[in-house]
Amino acid sequence: MIRISKTLGTLLLALAGSAALAAPGLALKDENMLAQPSATAATIGKMTKGATVDIVAKQGGWLQIKSGKSQGWVRLLSVRAGSGGAGGAGLADVAGAVTQKSDPSRVVAVAGVRGLNEEDLKGAKYNAEEMARLDRYTVNAAQAKAFAEKSGLKIQNVASLPKPASESGTGSPWGDY
Amino acid sequence: MKKQALLIALALGVFSTASSGGFDFGKVLEAMGQPPQKKSEPTPTAQPAQPTSGQPAQASAPQINLLGKVSQEDEIRIGKQVSGDLLGAAPLVKDDTLQQYVNTVGRWVALQSKRPDLPWKFGVIESEDINAFAAPGGFIFLTKGLYRRLNNEAELAGVLAHEIAHVTKKHHLDVLRKSALISMVSQSVSKEVKGEAAVQNLIGNGAEMMARGLDKEAEHEADRIGVVLAARAGYDPWGLPAVLQDMATLNAKDSRLGLLYKTHPTAADRLSRLGESVGDRFDILTAGKEFSDRFYRIR
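Starting from 1, residues in each chain are numbered consecutively following that chain's sequence as written. Both sets of labels track the order of writing: A upward for chains, 1 upward for ligands. In keeping with the model being predicted, local features are shown solely for residues with a pLDDT of at least 70 and side-chain atom pairs are shown and tallied solely at 80 or more, while totals for entire chains, interfaces and linings include all residues. As a rule here, side-chain values cover all heavy atoms of the structure and leave hydrogens and water aside.

Draft legend 1. Structural context of the sheet that holds strand β1 (residues 121–125) of chain B. Residue and element names in this part refer to chain B. With respect to topology, three strands assemble into an open sheet ordered β1-β3-β2, the strand pairing being mixed. One side of each edge strand has no neighbouring strand; the edge strands of this open sheet are β1 and β2 (132–135). Ignoring which end each strand starts from, the neighbouring axes of this sheet average 15 degrees apart. DSSP-based pairing: two strands are paired if at least 2 bridges between them are found. In this description a helix means any DSSP run of H or I spanning at least four residues, a strand means any run of E spanning at least two, and both kinds are numbered starting from the N terminus. With four bridges connecting them, β2 and strand β3 (residues 139–143) associate as antiparallel partners. Residue pairing for β3: A135 is matched across the bridge by F139. For every element, the axis is a line fit to its C-alpha atoms; helices are fit only across the contacting stretch, and the angle between N-to-C directions ranges from 0 to 180 degrees.

In structure tokens form, the structure reads like this:
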């Protein structure tokens, strides 16, 4: 299951957008560090939730990290890249900051600083010309299938993912669409 | 069409306490009352541009039952109104190759969803913000700012798949529905505001739906469905997680992320939750395509 076919060029994420070999990251959970990017590889260390790690490489769904004195592979989704801002504050802190900013109704977004903010969206007028342009780019199913076939994109049978055990609540009332 | 259905009115209470609150029920309702000739959608073929203003005609008695099942036709109308407003705020990037490419990849991914036959439309819009949007009926947009950060086609597919999931799960209609329920409660409490005009006075713009956060769980669900759709389409399933990782490296106060973080859980939260669901389930997959080389880059 080792995806050796991945090229070296794709090993490094665009993490931190730099060419630096090691990008900082934060461990999102306790996890064994493995000798190879494969679930069957030997355990060679332990990553602890909340630990700061260095991300050395990426391969498929795996990241090679340095944590303390150990270096090994952990799952891509077990580490959050970045050292500051969105990530650096850690889960609780970031969630808190976002919540505090919210309107009490929790539904109304606060206006952004610049760019495509809520004010822009609120003031926007329907643009029929652009909608017509959008229509012209429409790709139909046959064209999409031809594109996939030409490029070797093969449909894979992949089961739906379950909700995490930690998640409660009901799904969409609109049924399984 | 369920024209006889009750008119859901008055976004009162929670939504009207702030003047900026509230979905554009007015526009949505107007859309419901479009002239009959406009009902020929959802044909994916080109349609004549709307009259100069582009605004759907004022409805005499627009009605839609948001509490029941919304017809696909109505759903597309809502999405069209919202999308037209969004494009009013940020037009499409003037790059035919780019738009065609995104539509092709997007349509292929959408074909793996449970609603392959919607008239899916995809667009890259002129904004340096880092964000993506979905509107009911199959309208998907991403900003130029986000597109520029993508490294390969699998990442594009992952982002589009997340938005496609919002459409197939009708997440935005969900929010509309909740608004409708609240307004019904409000109505029973306060009888003084009635009628369509009152509704229209209370609401903002259709594109505001885009500025509105969905339920956090809806975002997590879209992440779960997104990676699966991308994988089913033959792409590397790690495209969306890679984009989330990239966003995590940016400063949360980066103004380009302003709206995104107001409407989405943090990247760390999303990665963590997605990780819980994925676990070792993708270990058995054969490697998907990334297509770094042919990925279209904006000049």
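Text resumes after the structure shown.
Draft legend 2. Representation of the pattern of salt bridges. Residue and element names in this part refer to chain B. Throughout this description, the term salt bridge denotes a Lys or Arg side-chain nitrogen within 4 Å of a carboxyl oxygen of Asp or Glu. As enumerated under the stated definition, the model contains 17 salt bridges over all chains in all. In this structure, the salt-bridge partner of E75 is R115, at a minimum N-O distance of 2.8 Å. In this pair, E75 is assigned in helix α2 (residues 72–89) and R115 in the loop between α3 (96–110) and β1, connecting sequence segments 40 residues apart. Each residue is assigned to one of three classes by its accessible area relative to the maximum for its type, calculated with a 1.4 Å probe on protein chains only: buried under 20%, partly exposed between the two thresholds, exposed over 50%. Here R115 falls in the buried class, since its relative accessible area comes to 6%. D246 is paired through a salt bridge with R149; the nearest N and O atoms lie 2.7 Å apart. Here D246 is found in helix α10 (residues 239–249), whereas its partner R149 is found in helix α4 (residues 144–149), with 97 residues between them in sequence. For D246, a relative accessible area of 7% corresponds to the buried category. A relative accessible area of 23% places R149 in the partly exposed class.

Draft legend 3. Layout of the nonpolar core. Counting 50 residues, the largest nonpolar core has B:L142, B:Y147, B:L156 and B:Y235 as its most contacted members. Examining the composition of this core, we find that eight residues originate from one element, helix α5 (residues 153–168) of chain B, more than from any other. For our purposes a nonpolar core is just a set of buried Ala, Val, Leu, Ile, Met, Phe, Trp, Tyr and Cys residues, chained together by side-chain atoms within 4.5 Å. The next biggest cluster of nonpolar side chains, apart from the first, holds 28 residues, and it includes A:I55, A:L63, A:V158 and B:L285.

Draft legend 4. Spatial organisation of the packing of helix α5 (residues 141–151) of chain A against α3(B). Where α5(A) meets α3(B), the closest approach of the two axes is 9 Å, and the angle between their N-to-C directions is 95 degrees. Here α3(B) runs roughly perpendicular to α5(A), going by the angle between their axes. Of the residues in α3(B), those in contact with A:A141, A:A144, A:K145, A:F147 and A:A148 of α5(A) are B:T104, B:V105, B:R107 and B:W108. Residues are grouped as follows: nonpolar covers Ala, Val, Leu, Ile, Met, Phe, Trp, Tyr, Cys and Pro; charged covers Asp, Glu, Lys and Arg; every other residue, Gly included, is treated as polar. Broken down by class, the residue content of the contact of α5(A) with α3(B) amounts to six nonpolar, one polar and two charged. The labels follow the angle: roughly parallel below 35 degrees, roughly antiparallel above 145, roughly perpendicular from 65 to 115, and oblique for the rest. It only takes one pair of heavy atoms within 4.5 Å for two residues to be counted as in contact.

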